[in-house]
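For reference, the chains in residue letters:
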Amino acid sequence: MEEYDIAVVGGGPAGIMAAIVASWNSSRVILLEKNPSPGRKLLMTGGGRCNITNLKPIKKLLNIYPQKNFLKHSFYTLTNEKLLSLFEDKGLGFIEEDDNRIFPETERSSDVLEILLGYLEDVDVRYDFEVKSIVENFIINDEITVDKIIIATGGVTYPQTGCSIGNYCLTSQPLTDIKYGLVPLITKKDLSGIAGITLYDVIISYNKSKVQGNVLFSHVGLTGPGIINLSNIISQSLSYNLLDNEPDVDFEIAIDLCPAFTREELQKKFTIDFQSKGKTMIKNYLKLFLTGGFIDFFLDELAIEGETQLSRIDKKSKNRLIENLKRFSFEIIGFNKDLAKVTIGGVDLANVNPKTMESTLTPNLYFAGEVLDLHGPTGGYNLKIAFSTGFLAGLSASEN
Ligand SMILES: Cc1cc2nc3c(=O)[nH]c(=O)nc-3n(C[C@H](O)[C@H](O)[C@H](O)COP(=O)(O)OP(=O)(O)OC[C@H]3O[C@@H](n4cnc5c(N)ncnc54)[C@H](O)[C@@H]3O)c2cc1C
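Residues numbered from 1 in each chain as written. Predicted model: local features only at pLDDT ≥ 70, side-chain atom pairs only at ≥ 80, totals over all residues.

Q: Would you mind showing me how to read the overall build of the chain here?
A: Helices and strands together make up the secondary structure of the chain, namely 12 helices and 18 strands. The principal-axis extent of the C-alpha atoms belonging to the chain is close to 85 × 45 × 35 Å. Counting every position in the chain, which comprises 400 residues, the buried fraction comes to 41%. The contacts in the chain between residues at least 6 apart in sequence include a share of 73% that link residues at least 24 apart. (Helix = DSSP H or I, 4+ residues; strand = E, 2+ residues; numbered from the N terminus. Buried ≥ 20, exposed ≤ 12 C-beta atoms within 10 Å, placed from the backbone. Contact = placed C-beta atoms within 7 Å.)

This is the structure we're talking about:
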């Protein structure tokens, strides 16, 4: 039987970070990864560019997360400055894009992974090693005994990266419902004719929840940052648990295509313009409000002929135009689950000490990353969770 002080299960960003930090204080650390290579999901992040974190000031940053109180200590322990300096010290700089999103200047997630792996020099790393059983106090797969374990096995989405529902059952720690997060939506209506078109900065509503952002039409439905951020709210509002069942998806979302105008302002503007620009065709007039490629689809849906001159549009059609500019609805019949970027739910935070990431039920058992009931919107917020909780788990496991 091999012996180690600390075993980290899972070679994603959370597990790699935990193993690095644990090895600063402890000489016998082992990292166990079931894939032949580590960080497969990390390599896919940001479209291969790796949106590594978000540079909002820490208080503002914490406010983005539903679980901000739990995350506070880990975010203060590994600040963004400290995180980025780990890479800058090895020669990798960063660029900031809109909404404080941070990417490596080389725009390659493989550069981020390579530097992280370089820090593992004092860690025994075992690939192709799937942890199947952890017996109390702690024996892994009947092969390795360890004093402490850090579980960083990730979520359920993108199974090709090593994630699976079974990863949640390695310990008997209580779990919250496991759900899809940051997931594109499948519409009843065929949108393939407008696939690739983006609506910029619209407001999307689901029941009473609203999110402002871009919507991208895909071949099967709706995606883009606005939609996938709203999907977290939607998914949480549905009653299901992937450990038992898939969600029953059938609801409506509405898009305010013209957030810059109220209904009343549109009424006034239409009344004036329909008189003064009477000869203008409606499809050209709508360019004032809508992305070019979307106008034909919009008018088809309203059964209004695009070449109709404004002066010939009757009151009923005018009101329908205004109503739909402010509230254009789509029936949603599914989550495009193969593209869900994160998992909502996981190890219940009620039984994890936020100052150490140690289980309050099982001493010497720690958790880090997406396996915990933690998630954020798109924009670098999820890797931020992985790195911060991984850092704190590695530090506490090796210091205590
Ligand atoms: C397409 C895509 C793009 C994304 N882009 C971004 C982005 O730009 N910015 C951002 O902040 N977030 C992004 N995310 C989310 C981010 O990638 C995850 O939140 C993050 O990878 C979670 O890290 P983790 O270490 O907790 O889990 P993971 O990265 O999932 O790593 C878990 C590891 O554990 C291993 N493992 C699992 N079970 C076992 C076992 N039993 N034994 C041994 N090993 C095991 C797995 O093989 C895997 O390597 C993206 C996600 C996807 C899918």
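Q: Teacher, can you tell me more about the site of the ligand here?
A: Taken together, 38 residues lie near the ligand, and G10, G12, G154, G162 and G369 sit nearest. Breaking the shell around the ligand down by element, the ones donating at least two residues are α1 (13–25), α2 (40–44) and α12 (381–399). Tallied by class, residues from the shell around the ligand come to 15 nonpolar, 16 polar and seven charged. (Near = placed C-beta within 6 Å. Nonpolar A, V, L, I, M, F, W, Y, C, P; charged D, E, K, R; others polar.)

Q: Sorry, what's going on with the pairing of strand β15 (residues 251–256) here?
A: In summary, the side chains of a regular strand alternate between the two faces of the sheet. Pairing of strand β12 (residues 198–206) with β15 involves three bridges; the strand directions are antiparallel. Bridging across to β15, I204 finds its partner in I255. In terms of strand pairing, β15 meets strand β16 (residues 328–335) through five bridges, oriented antiparallel. Considered in β16, the bridge of I253 is made with F330. (Pairing = 2+ DSSP bridges.)

Q: When you look at unusual backbone geometry in this model, what are you seeing that I'm missing?
A: Despite not being glycine, Y158 shows a phi value in the positive range, around 55 degrees. Within the secondary structure, Y158 sits in the loop between β9 (144–151) and β10 (179–181). Using a count of 18 C-beta atoms within 10 Å as the deciding quantity, one classes Y158 as partly exposed. Look at M357: it is not a glycine, yet its phi comes out positive at around 70 degrees. Inspection of the secondary structure assignment puts M357 in the loop between β17 (342–344) and β18 (365–367).

Q: Is there a simple way to think about the packing of helix α8 (residues 263–276) against helix α11 (residues 315–326) in this case?
A: Packed helices, taken two at a time, are described by the angle their axes make and the gap between the axes. Packing of α8 against α11 leaves a shortest axis separation of 10 Å and a crossing angle of 140 degrees. Between α8 and α11, the angle is such that the two are oblique. The hand of the α8/α11 crossing is right-handed. Side by side, α8 and α11 meet where R263, L266, Q267, F270 and F274 of the first sit next to K318, I322, L325 and K326 of the second. For the contact of α8 with α11, a count of residues per class yields five nonpolar, one polar and three charged. (Axes fitted to C-alpha atoms, helices over the stretch in contact; angles between N-to-C directions. Parallel < 35°, antiparallel > 145°, perpendicular 65-115°, else oblique. Left-handed = near helix turned anticlockwise from the far one by under 90°.)

Q: Explain the domain arrangement of the chain to me, please; I cannot follow it from the model alone.
A: When the parts of a complex come together, some accessible area is lost, and that lost area is often taken as the interface size. What the domain assignment lists for the chain is domain 1 (2–179 + 343–399), domain 2 (180–254 + 332–337) and domain 3 (263–329). Once you take the C-alpha centre of each, domain 2 and domain 3 turn out to be 26 Å apart. When residues of the side of domain 2 that touches domain 3 are traced back to their parent elements, those giving at least two are β12 and β15. Classifying every residue of the side of domain 2 that touches domain 3 by side-chain character gives four nonpolar, two polar and one charged. (Domains from an automatic or database assignment.)

Q: Help me understand the nonpolar core in this model?
A: Soluble globular proteins tend to bury their nonpolar side chains together. Judged by nonpolar contacts, the single largest core of 60 residues is most densely connected at A7, V8, A18, I150 and F367. The element best represented in this core is α12, accounting for 10 residues. Dropping the residues within four chain positions of it, A7 is found in contact with I30, L32, I140, I144, V146 and I149. (Core = buried A, V, L, I, M, F, W, Y, C linked by C-beta atoms within 7 Å.)

Q: Could you clarify how one ought to interpret the environment of G47 in this entry?
A: Topologically, G47 is positioned in the loop between α2 and β3 (53–54). Considered as a pair, G47 and R108 are 61 residues apart in the sequence and their alpha carbons are 9.3 Å apart.

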